[in-house]
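Residues per chain, in single letters:
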Amino acid sequence: MTTSDVLLTADADGVRTLTLNRPEAYNSLTVELKERLLAELRAAAEDPDVRAVVLTGTGKAFCAGQDLKEHVGLLQANDPAPLHTVSEHYNPIVKAITGMPKPVVAAVNGTAAGAGAAFAYASDLRIAAESSSFLMAFANVGLGPDSGASWTLQRLIGYGRAAELMLMARTVDSAEALRIGLVGEVVPDEELAARAQKVAAKLAAGPTVAYAKIKGVLAVAAESSLEEALAAEDAAQTELGGTKDHAEAVEAFVGKRKPQFRGE
C-alpha cells in the first residue's frame, strides 16, 4: 500500500483499491483530493497489471461531496477555482470512471453525498455497507446536480425517483437503495472490504477486454436508437471474436476446463 495525505492505493490480485482518506472531513473533496483521484484513476486505466478497480473511503463516510469549507473560503477570497471545478475536476473524474476500460466497483462504506454519491452511480457495480446512505443534497445549497448524476441516477432508478431524490434532497438508506436498484448488494459493515475485493478479484480474473466492450456498448445503447445499438454490438462482437480471450474460452469449453483469461 502506498499512502498520500488524502488518498490510499493498494494492489492485490489484479485489483487496485483507491481509498479516499480524509475521514475527519467525511472524505469531502478538496482540490488536492480531486486532482489526486483523477490522476490515480487515469493511472489505473493505463496500467496493464490493473484489471479491476475498487473505489471506497476511510472512516464513517464514502464521500460527502465537495468540501464546502474550502469552497466558501475560495469564494470569499475571490478565487475563481470553485467556478471551474466541475469542468476541471468532476467531469473528468466521472469520465475516467465510466470510460475505465476495466470494471469499477464502488464499495460504499458510509455516507455518499453529492459528487461522492455521483462517483458511486458512475461505477459499474455498487456494494453498500448496511450503515451506508445516499444523498443528493445539491438543492440544499442552491445548486443543481453535477458529476454526471443527472445522467447516471435516472438510468439506475428511473426519472421519477431520481427527480424526487434531487428535488427533495432526501436521504436513502442502504435497505431502500437495494430495493430501488441503486445498489446491487448490501453487506454487514465489517464484511464490505472483503466482499468488494472478492467481487473485483473475480472480475479481474475475467475477460477484461470484453468487459471494456460491454461498458462501451451499454453507453452507446443508453442514448441511441436500436439500429445504432445493434451496429455497436456488431462492431464489438467482431473485434472480440478475434481476441485471445475468446479463443481461450472456446478451447476451455471444449476441453471442459476453466478458462485462463489474460485480457488480450
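Structure report, in brief. Once a new chain begins, its residue numbering starts again from 1 and follows that chain's sequence as written. Reporting in this predicted model follows two pLDDT cut-offs: at least 70 for local features of residues, and 80 or more for side-chain atom pairs to be given and counted; totals over whole chains, interfaces and linings ignore these cut-offs and use all residues. Side-chain descriptors were evaluated using all non-hydrogen atoms of the structure, hydrogens and water having been removed beforehand.

Notes on the pairing of strand β6 (residues 104-108)
At step 1: Burial classes: relative accessible area under 20% of the type maximum marks a residue as buried, over 50% as exposed, and values in between as partly exposed (1.4 Å probe, protein chains only). The secondary structure listing takes helices from DSSP runs of H or I that are at least 4 residues long and strands from runs of E that are at least 2 residues long, numbered from the N terminus. When you tally the buried positions in β6, you get five out of five residues, the bulk of the element.
At step 2: Residues Val104, Ala106 and Val108 line one face of β6 and the alternating positions Val105 and Ala107 line the opposite face, and both faces are buried.
At step 3: Whether two strands pair comes down to DSSP finding at least two bridges between them. Across three bridges, strand β4 (residues 52-57) lies against β6 in parallel orientation. Counted as the bridge partner of valine 54 is valine 105 from β6.

A short note on helix α1 (residues 31-46)
At step 1: The span one expects for a helix is its residue count, reduced by one, times 1.5 Å. Compared with the 22 Å implied by 1.5 Å per residue over 16 residues, the 23 Å span of α1 between its first and last C-alpha is a close match.
At step 2: Listing the buried residues of α1 in full gives Leu33, Lys34, Leu37, Leu38, Glu40, Leu41 and Ala44.

Some words on unusual backbone geometry
At step 1: A positive phi angle is found at asparagine 27, which is not glycine, with a value near 55 degrees.
At step 2: Here asparagine 27 lies in the loop between β3 (15-20) and α1.
At step 3: Positive phi, normally seen in glycine, also occurs at lysine 256, with a value near 55 degrees.
At step 4: For lysine 256, the location among the structural elements is in the segment after α11 (244-254).

What to know about the environment of isoleucine 127
At step 1: Considering the arrangement of structural elements, one finds isoleucine 127 in strand β8 (residues 125-129).
At step 2: On a C-alpha basis, the gap between isoleucine 127 and aspartate 173 in space is 13 Å, while along the polypeptide they are 46 residues apart.

Some points on a nonpolar patch on the surface
At step 1: Patch membership needs two things, relative accessible area over 30% and no salt bridge, and members are linked within 9 Å if like-charged or within 5 Å if nonpolar (Val, Leu, Ile, Met, Phe, Trp, Tyr). With residues, only the protein chains shown are counted as cover, and all accessible areas are computed by Shrake-Rupley using a 1.4 Å probe. Counted as salt bridges are all cases of a side-chain nitrogen of Lys or Arg within 4 Å of a carboxyl oxygen of Asp or Glu. Together, Leu68, Val141 and Leu143 line one region of the surface with nonpolar side chains, adding up to about 280 Å² of accessible area.
At step 2: Tracing the backbone through its elements, the reader meets valine 141 in the loop between β9 (133-135) and α5 (149-157).
At step 3: With a relative accessible area of 47%, valine 141 lands in the partly exposed category.

Considering the layout of surface pockets
At step 1: For each structure, a 1 Å grid was placed over the protein atoms alone; sets of points admitting a 1.4 Å probe that cannot get out are labelled cavities, open sets with protein on both sides within 12 Å along at least five of seven lines are labelled pockets, and lining residues have an atom within 4 Å of a point. Grid points are joined across faces, edges and corners, and a volume is the space filled by probe spheres set on the points. The computed volume of the largest pocket comes to approximately 630 Å³.
At step 2: As for the largest pocket, its lining consists of 24 residues, and the residues nearest its centre are Ala122, Asp124, Lys215, Leu218 and Ala219.
At step 3: Residue assignment for the lining of the largest pocket shows that the elements contributing at least two residues are α4 (115-122), β8, α5 and α9 (208-221).
At step 4: With seven residues, α9 is the largest single contributor of residues to the lining of the largest pocket.
At step 5: Among the residues making up the lining of the largest pocket, the classes are represented as 15 nonpolar, five polar and four charged. In this count, Pro and Cys sit with the nonpolar residues alongside Ala, Val, Leu, Ile, Met, Phe, Trp and Tyr, while Asp, Glu, Lys and Arg are called charged and the others, Gly among them, polar.

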